[in-house]
Amino acid sequence: MFLFLLLNALVSACATLVVLILWDQAQGPLPKSLLPDALSAIRPAAHTPTPAPGQGAATPVSTPGASALSAQGSMLIESVIGVGDLETEHVKLKYNGEGEISLVGWRIEDGRGNVFIFPQSPQLTLYSGGAVSIYTRPGNNSVIELYWGMDKAIWSPGETVTLRDAQGRIQATYKIP
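Residues numbered from 1 in each chain as written. Predicted model: local features only at pLDDT ≥ 70, side-chain atom pairs only at ≥ 80, totals over all residues. Heavy atoms only, no water.

(A) Summary view of the nonpolar core. Membership of the largest hydrophobic core comes to 25 residues, with the highest contact counts inside it found for Leu93, Ile108 and Phe118. Listing elements by their share of this core, those giving two or more residues are strand E3 (75-81), strand E4 (90-95), strand E9 (131-135), strand E11 (160-164) and strand E12 (170-175). With near-sequence residues (within four places) excluded, Leu93 lies in contact with Met75, Leu76, Ile77, Glu78, Ile108, Phe118, Gly130, Ala131, Val132, Ile134 and Leu163. (Core = buried A, V, L, I, M, F, W, Y, C linked by side-chain atoms within 4.5 Å. Buried < 20%, exposed > 50% of the residue type's maximum accessible area, 1.4 Å probe, protein only. Helix = DSSP H or I, 4+ residues; strand = E, 2+ residues; numbered from the N terminus. Contact = heavy atoms within 4.5 Å.)

(B) How the structure looks around the side chain of Asp110. Residue placement: Asp110 occurs in the loop between strand E6 (107-109) and strand E7 (115-117). For Asp110, the side chain forms a polar contact with the main-chain nitrogen of Arg112, separated by 2.8 Å. Of note is the side chain of Asp110, whose polar atom sits 3.4 Å from the backbone nitrogen of Gly113. (Polar contact = N/O pair within 3.5 Å; in protein donor to acceptor, adjacent residues only side chain to side chain.)

(C) Structural detail: the pairing of E11. With three bridges joining them, E6 and E11 adopt antiparallel strand pairing. Bridge pairing in E11 links Arg107 to Arg164. Bridge count for E11 against E12 is five bridges, and the pairing is antiparallel. Pairing of Thr162 across the sheet is with Thr173, part of E12. (Pairing = 2+ DSSP bridges.)

(D) Up close: the packing of aromatic side chains. Enumeration over the complete set of coordinates arrives at four aromatic pairs. Ring geometry for Tyr135 against Tyr147: centres 5.3 Å apart, planes inclined by 20 degrees, an arrangement best described as stacked. On the criterion of sequence distance, the pair formed by Tyr135 in strand E9 and Tyr147 in strand E10 (residues 145-147) is long-range, its members being twelve residues apart. Accessibility classification places Tyr135 together with Tyr147 in one group, the buried group. Grouped by ring-pair contacts, the aromatic residues Phe116, Phe118, Trp148 and Trp155 constitute a single cluster. For the cation-ring pair, Arg137 lies above Tyr135, with the distance from its terminal atom to the ring centre recorded as 5.3 Å. (Phe/Tyr/Trp six-rings, centres within 6.5 Å; stacked < 30°, edge-to-face > 60°. Lys NZ or Arg CZ within 6 Å of the ring centre and 35° of its normal.)

(E) Representation of the sheet that holds E3. Within the open sheet, the four strands sit side by side as E3-E4-E9-E10. Their pairing is mixed. What marks the edges here is a single partner per strand, and that holds for E3 and E10. Along the sheet, successive strands turn relative to each other by an average axial angle of 20 degrees, direction set aside. Here E3 pairs with E4 via six bridges, running antiparallel. (Axes fitted to C-alpha atoms, helices over the stretch in contact; angles between N-to-C directions.)

(F) Layout of the confidence of the model for the protein chain. The predicted model of the protein chain has a mean per-residue pLDDT of 76, with 68% of residues at 70 or higher. The spread of mean pLDDT over the elements of the protein chain runs between strand E1 (residues 59-63), the lowest at 32, and E11, the highest at 97. Confidence over residues 30-72 falls short of pLDDT 50; this stretch has 76 contacts with residues more than four positions distant or in other chains. (pLDDT = per-residue confidence, 0-100.)

(G) Summary view of the pattern of salt bridges. On inspection of all chains with the given rule, the structure shows six salt bridges. Where Arg107 meets Glu109, a salt bridge forms, and the shortest distance between an N and an O atom there is 2.8 Å. On the basis of relative accessibility, which here comes to 24%, the residue Arg107 falls in the partly exposed class. A salt bridge links Arg164 to Glu109; its shortest N-O distance comes to 2.9 Å. Of the two residues, Arg164 sits in strand E11 while Glu109 sits in strand E6, which places them 55 residues apart along the sequence. Judged by relative accessible area, Glu109 falls into the buried class, the value being 16%. (Salt bridge = Lys/Arg side-chain N within 4 Å of Asp/Glu carboxyl O.)

(H) Structural detail: a nonpolar patch on the surface. Residues Leu7, Leu10 and Val11 make up a contiguous nonpolar surface patch of roughly 290 Å² in combined accessible area. Within the fold, Leu10 resides in helix H1 (residues 2-27). (Patch = residues over 30% accessible without salt bridge, like charges linked within 9 Å, V, L, I, M, F, W, Y side chains within 5 Å. Areas by Shrake-Rupley, 256 points an atom, 1.4 Å probe, with all protein chains shown as cover.)

Pasting the structure below:
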């Protein structure tokens, strides 16, 4: 009888493992935006903080296959993901500075007249190491994902993404590979 119970437990464990492997393959990896590290670096702000003052000359940051530039050394256009595919196309920004920075009134431009202006609500404040994704498609804004509301993909290879602060100063650029 003990041998049958042991065999039953072994078969059940193997079946569970097979189901989990198949599920993982069908669903793909967990999006980084759902990981706890991403959520801990971003918190909704209760007030409008003032961005940290500039720290001198522009600092080039190399990205494989692309070029990125951060004027204050704090905001970085990390990547443009899903170029040309409306469902997945988004720009990922990351804050590498100290303290916090409010993105209210900041904007992303594509150089062809398409401009995304960061909303006042929800007010987006990034803390050191925090990131936010700006999706091209329509959707519901959250503190880690914003939606442009476009009905077609706008980014293409070779295009330059420009991030400007609320005063219109260039804070970062990124050339899409």
